[in-house]
Amino acid sequence: MTLLVVRLRFTMWRTAMSRSSLHLTSSIVGGLVALGVVALLGPGIAVLSTRPLRLTALTVPLFATFTLMWVVLSLVATGVDNVLDPARFTVLPLRARELARGLLAAAYTGIPAVMFVLLSLAQVAAWGAHPAALPAALVAAVLGTLTAVLGSRAVTSALARVMGSRGGRLVGAVAVSLVTLLPLVLNLVLTTGAVGPDLRTFDAGPSARVASWTPVGWAWGMPYDVATGRWAAAGVHLVLAVLLVGLLWEVWVRQLARTLTSPMTAGGGQRIGRARLLPAVLGTGPTATIAARRIRAWYRDSRLVSIALRTAVLPVFFVVQSALTGAGAFAGTGVVTLAVFAGLTLMNDLAFDGPAWWVHVSTGVRGWEDRLGRALASTIVFGPVLVLTFVVSASLGLLHPVVPWASVSLAAFLASLGLAVGVGAVLPGTAPRTGGNPFAASSGGAAQGCLTAVVSFVGPLVLVLPVGVAAVLTAGSPVGRWVVLVVAGAYGAVLLAAGVVLGGRRLDRRAPEMLGQLASAQI
Amino acid sequence: MTDGARGEGPALELVGLVKEFRGRRVVHGLSLSVPRGSLFGMVGPNGAGKTTTLSMATGLLRPDGGTARVLGHDVWADPAAAKAVMGVSPDGLRLFEQLSGRELLHYVADLRRMPVEESRPRAEELLAVLDLAADANTVVADYSAGMVKKISLAAALIHAPRLLVLDEPFEAVDPVSGQTIRTILRRYVGTGGTVVMSSHVMELVEGLCDRVAVVAGGRVLADDTVGALTAGGSLHERFLELVGASEVSGDGLTWLGG
Ligand SMILES: Nc1ncnc2c1ncn2[C@@H]1O[C@H](COP(=O)(O)OP(=O)(O)OP(=O)(O)O)[C@@H](O)[C@H]1O
Ligand SMILES: [Mg+2]
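In this text the structure is predicted, and so the values were computed from the model without any measurement. (Residues numbered from 1 in each chain as written. Chains lettered and ligands numbered in written order. Predicted model: local features only at pLDDT ≥ 70, side-chain atom pairs only at ≥ 80, totals over all residues. Heavy atoms only, no water.)

**Some remarks on the overall build of chain B**
- When helices and strands are tallied, chain B shows nine helices and ten strands.
- The C-alpha radius of gyration computed for chain B amounts to 19 Å, which stays within 12% of the reference 18 Å derived for 258 residues, consistent with globular compactness.
- Burial status across chain B gives 52% buried among its 258 residues.
- Of the contacts formed within chain B by residues at least 6 apart in sequence, a portion of 67% connects residues at least 24 apart.
- For chain B, the computed accessible surface area is about 10,900 Å², with 53% contributed by carbon and sulfur atoms.
- Positive and negative side-chain charges of chain B, numbering 25 and 31 respectively, have mean locations separated by a distance of 6 Å. (Helix = DSSP H or I, 4+ residues; strand = E, 2+ residues; numbered from the N terminus. Rg over C-alpha atoms; globule rule 2.2 N^0.38 Å. Buried < 20%, exposed > 50% of the residue type's maximum accessible area, 1.4 Å probe, protein only. Contact = heavy atoms within 4.5 Å. Areas by Shrake-Rupley, 256 points an atom, 1.4 Å probe, with all protein chains shown as cover. Lys, Arg positive; Asp, Glu negative; His and termini not counted. Charge placed at Lys NZ, Arg CZ, Asp CG, Glu CD.)

Take a look at the structure:
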């Protein structure tokens, strides 16, 4: 059974790649990037074996952080690989436990998982100088990666279930936001008491000990315990780590069992009153209608609710960090990041519509109306959030020269919006299925994800850079900064217009081809 | 104003349509002509290319060759004009599921730039006639298969098109609603509209349609009035004769139920 599921996964992968050269290219690029990361980090970790114990101890906080980030990122950024959606196994006479074993094995075949396993083997090598600690490091690698992989599955499946209902979305929202702050807390805990980055005096021991008593560090702490001769601690850590893995496994199996007997459906029992506000404000032309539908989706569609969270959480993270450390640059970065993320949410907006987009094609909606409607919706949803974050940060005194930061934020939002509506008309990306697991994702690094990620990362940077430079240069000039603000607004508006026009033309010319791409855009 | 009255040619004219998927040709130079004011049925075995052909005729799938004209407008040269005069209900494509049935109708009407005073009463009337009024505020995601078919039909009808292209409109629809739809379609054709629909139910096509085309393997095997095609027999028999019934009746699948 296990073997069968793994084989199924590879078959699906191969089919996907043979059907789309884009998929193939991005898988290769993703694989190479992952390989590069491992080639850089792996030896760096393994070489710790030639260093004194106080430095080798670094593996503990490092891998505890990896593990936590793995789980948190699956919630707020990457989602979990849903190529093998458990809901598709519903009609087969399978027990949840059998299926879970298969899916777990399949989960280890993804690029990020392979990367993590390789790095955890580097961790084993790092303990090479302490023969007694070697077996402990090996056990830690097994339990630690299991904690990460099972943790992300258990947490996302449990939350997806909770967020399926209307009231649950709020609970989910709060839970996700709190979880996102965990790495920050861990970071704060681990760095207290650590001496500066001077390698001659640096001692990772205290932070290793702290990390080893967090759930994500139980497994990774064992080799350090053994190497320092604290056998009792090692035993306790082993028991705790095994219990944690067992608990996560049980939670996941239970969620799987529920999925097999009652596949998740969209919302359920949603009845909708007659909306009068949106049409009254926006009118009833095609652009306004499309905008109104997208705005409604932001609160009706649990997939988008989770995207909204992902968008808002990281910037909040920066602002909180800034408030804690008093470093203003963090808050500014946070607001600009929020602006960029908010704009970029439109990148895979078409994938969220999926095949349903035929309605736009069939009614003869013009491409620019489609693009502009979506841009309008994002502005209405995220504009106030952006302004609020900006005003709050500014009134806390975190955004020091206020006007230049405003220029950069404004340009960042409009430019990202323009980029997203333009690029989104060419690469629709992927989205979770309607009513499916809102945390579903295609296999990491595959699909168009990679290409889109590069565009999303480099694009805004390049587009906003001129405004950034201008803002810095004129920060001292009372008149100059206002001029830059106006110019930044105009510049952003031009970029947005370009995105709407070019993206719209592309959609007009290639609507049927886009429809074909959208047929497989939901996972 | 053209308003669908451009010349007096056929309502839908397909000439030499070709479609290939990954090098495999599934529609082989298919030509069809649907006269105005007729109810045209398209039948054929699974995988015959009906959905593919109708998608190419409605601007949802680009053909690799051939032309499609809707009331004189070339679908691929002037898509906007062609789409304005036709209503489409495809098979197997989802709708915007986060909208309620009523919102979906309003959405489609607004995308087609219909005045609100006209579209809102029409939406209510369609919902009532198709027995969807009680579920007008339920999101389409929660609709049953038949309800989805009906709301899709309503969305195709709301702008009173001159040509209706329906892919399996009766699939999963209950007998009462089925009867309503038949009445609607007949009345629509009576007032000069044209319907092109595909179906697997021979009795329905025989009783409802004026003309039938039998399609198999991406080619038209027969295209005639129902009377001429059946020539005394039933459409069912004629279909099996044309397409060639496979002989599994006696021997195959003996293990089933054994
Ligand atoms: N997107 C696609 N990619 C590859 N092949 C396709 C695609 N769509 C259809 N086909 C193929 O084209 C052929 C015709 O399919 P089509 O859906 O038009 O059949 P149909 O007559 O509508 O069948 P049914 O009665 O089952 O609805 C089939 O062999 C199918 O496999
Ligand atoms: Mg079909």
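Next comes the rest of the account.
**Describing the sheet that holds strand S6 (residues 86-89) of chain B**
All names here are of chain B.
- Here six strands make up an open sheet; going across it, the order is S6-S7-S8-S3-S9-S10 and the pairing mixed. Where the open sheet ends on each side, the last strands, each with one partner, are S6 and strand S10 (219-225). Mean inter-strand twist for the sheet, computed between neighbouring axes without regard to direction, equals 15°.
- Of the pairings in the sheet, the one linking strand S9 (residues 211-216) to S10 comprises six bridges and is antiparallel in character. Within the sheet, the bridge partner assigned to Val215 lies in S10 and is Val220.
- Across the sheet, helix H5 (residues 145-157) is in contact with S6 and strand S7 (163-167); its angle to S6 comes to roughly 170°. (Pairing = 2+ DSSP bridges. Axes fitted to C-alpha atoms, helices over the stretch in contact; angles between N-to-C directions.)

**Quick word on the environment of Leu14(B)**
Residues and elements named next belong to chain B.
- In this fold, Leu14 is placed in strand S1 (residues 12-21).
- Given the relative accessible area of 3%, Leu14 is considered buried.
- Sequence-wise, Leu14 and Ser33 are 19 residues apart; in three dimensions their C-alpha atoms are separated by 6.2 Å.
- Other than its neighbours up to four places away in sequence, Leu14 contacts Leu30, Ser31, Leu32, Thr53, Ala57, Thr67 and Ala68.

**Overview of the packing of helix H18 (residues 367-395) of chain A against helix H19 (residues 402-423) of chain A**
Residue and element names in this part refer to chain A.
- Taken N-terminus to C-terminus, the directions of H18 and H19 make an angle of 160°; their axes are 11 Å apart at the nearest point. It follows that H18 is roughly antiparallel to H19 by the angle criterion. At the point where H18 passes H19, the crossing takes the right-handed sense. Between H18, through Arg371, Ala375, Ser378, Thr379, Phe382, Leu386, Phe390 and Ala394, and H19, the contact on the second element is made entirely by Val402, Trp405, Ala406, Ser409, Phe413, Leu417, Ala420 and Val421.
- Looking at side-chain class alone, the contact of H18 with H19 contains twelve nonpolar, three polar and one charged residues. (Parallel < 35°, antiparallel > 145°, perpendicular 65-115°, else oblique. Left-handed = near helix turned anticlockwise from the far one by under 90°. Nonpolar A, V, L, I, M, F, W, Y, C, P; charged D, E, K, R; others polar.)

**What about the packing of helix H13 (residues 286-300) of chain A against H18(A)?**
Residue and element names in this part refer to chain A.
- Contact geometry for H13 and H18: axes closest at 7 Å, N-to-C directions at 45°. In this view, H13 runs oblique relative to H18, as classed from their interaxial angle. The crossing of H13 and H18 is right-handed. Every residue of H18 that contacts H13 at Pro286, Thr287, Ile290, Ala291, Arg293, Arg294, Ile295 and Trp298 is listed here: Trp368, Glu369, Asp370, Leu372, Gly373, Arg374, Leu376, Ala377, Ile380, Val381 and Phe382.
- Counted by class, the contact of H13 with H18 contains twelve nonpolar, two polar and five charged residues.

**Notes on the pattern of salt bridges**
- Applying the stated criterion across every chain yields a total of 25 salt bridges over all chains.
- The residue Arg254(A) makes a salt bridge to Glu250(A) at a minimum N-O spacing of 3.9 Å. With a gap of four residues between them, Arg254(A) and Glu250(A) both fall in helix H11 (residues 231-261), about one helical turn apart.
- A salt bridge links Glu124(B) to Arg102(B); the nearest nitrogen and oxygen atoms lie 2.8 Å apart. Here Glu124(B), found in helix H4 (residues 116-129), pairs with Arg102(B), found in helix H3 (residues 101-111); they are 22 residues apart in sequence, far enough to count as distant.
- Judged by relative accessible area, Arg102(B) falls into the buried class, the value being 8%.
- Residues joined by salt bridges that share partners form a network here, namely Arg293(A), Arg294(A), Asp349(A), Asp353(A), Asp370(A), Arg371(A) and Arg374(A). (Salt bridge = Lys/Arg side-chain N within 4 Å of Asp/Glu carboxyl O.)

**Quick look at the nonpolar core**
- One finds Trp357(A), Leu105(B), Leu185(B), Val195(B) and Met197(B) to be the most contacted residues of the largest nonpolar core, which totals 111 residues.
- Among the elements that take part in this core, H19(A) stands out by supplying eleven residues, more than any other.
- Not counting residues within four places of it along the chain, the set of residues in contact with Met197(B) comprises Leu39(B), Phe40(B), Gly41(B), Met42(B), Leu166(B), Pro169(B), Phe170(B), Leu185(B), Leu204(B), Leu208(B) and Cys209(B). (Core = buried A, V, L, I, M, F, W, Y, C linked by side-chain atoms within 4.5 Å.)

**Points about the interface of chain B and chain A**
- With 34 residues of chain B at the contact, the number on the chain A side is 38 residues.
- Taken over both partners, the interface formed by chain B and chain A buries close to 3,400 Å², and the fraction arising from carbon and sulfur atoms is 56%.
- Taken as a group, Phe96(B), Gln98(B) and Leu111(B) account for 20% of the area that chain B buries against chain A, more than any other trio of residues on that side.
- For the interface between chain B and chain A, the tally reads three salt bridges.
- Glu103(B) serves as the salt-bridge partner of Arg296(A), at 3.8 Å between the closest nitrogen and oxygen.
- Counting every contact that joins chain B to chain A gives eight residue pairs in polar contact (both at pLDDT 80 or more).
- Contributions of two or more residues to the side of chain B that touches chain A are made by H3 and H4 of chain B.
- Per-element accounting of the side of chain B that touches chain A gives the leading share, six residues, to H3(B).
- Looking at side-chain class alone, the side of chain B that touches chain A contains 16 nonpolar, five polar and 13 charged residues. (Buried area = accessible area lost by both parts, 1.4 Å probe. Polar contact = N/O pair within 3.5 Å; in protein donor to acceptor, adjacent residues only side chain to side chain.)

**Quick look at the packing of aromatic side chains**
- Summed over all chains, the structure comprises seven aromatic pairs over all chains.
- Seen from their ring centres, Phe116(A) and Trp220(A) are 6.3 Å apart, and the 50° between their planes marks the pair as tilted. Of this pair, Phe116(A) sits in helix H6 (residues 111-126) while Trp220(A) sits in helix H10 (residues 218-227), and the two are 104 residues apart along the sequence. The two residues Phe116(A) and Trp220(A) agree in class, both being buried.
- Plain terms: the ring middles of Trp249(A) and Trp252(A) are 6.2 Å apart, the flat faces sit at 70° to each other, and that makes the pair edge-to-face. With a gap of three residues between them, Trp249(A) and Trp252(A) both fall in helix H11, about one helical turn apart.
- Given a relative accessible area of 5%, Trp252(A) falls into the buried group.
- The lysine or arginine in question, Arg293(A), covers the ring of Phe96(B), its NZ or CZ lying 3.7 Å from the ring centre.
- Positioned above the aromatic ring of Phe21(B) is the side chain of Lys19(B), whose terminal nitrogen or guanidinium carbon lies 5.7 Å from the ring centre. (Phe/Tyr/Trp six-rings, centres within 6.5 Å; stacked < 30°, edge-to-face > 60°. Lys NZ or Arg CZ within 6 Å of the ring centre and 35° of its normal.)

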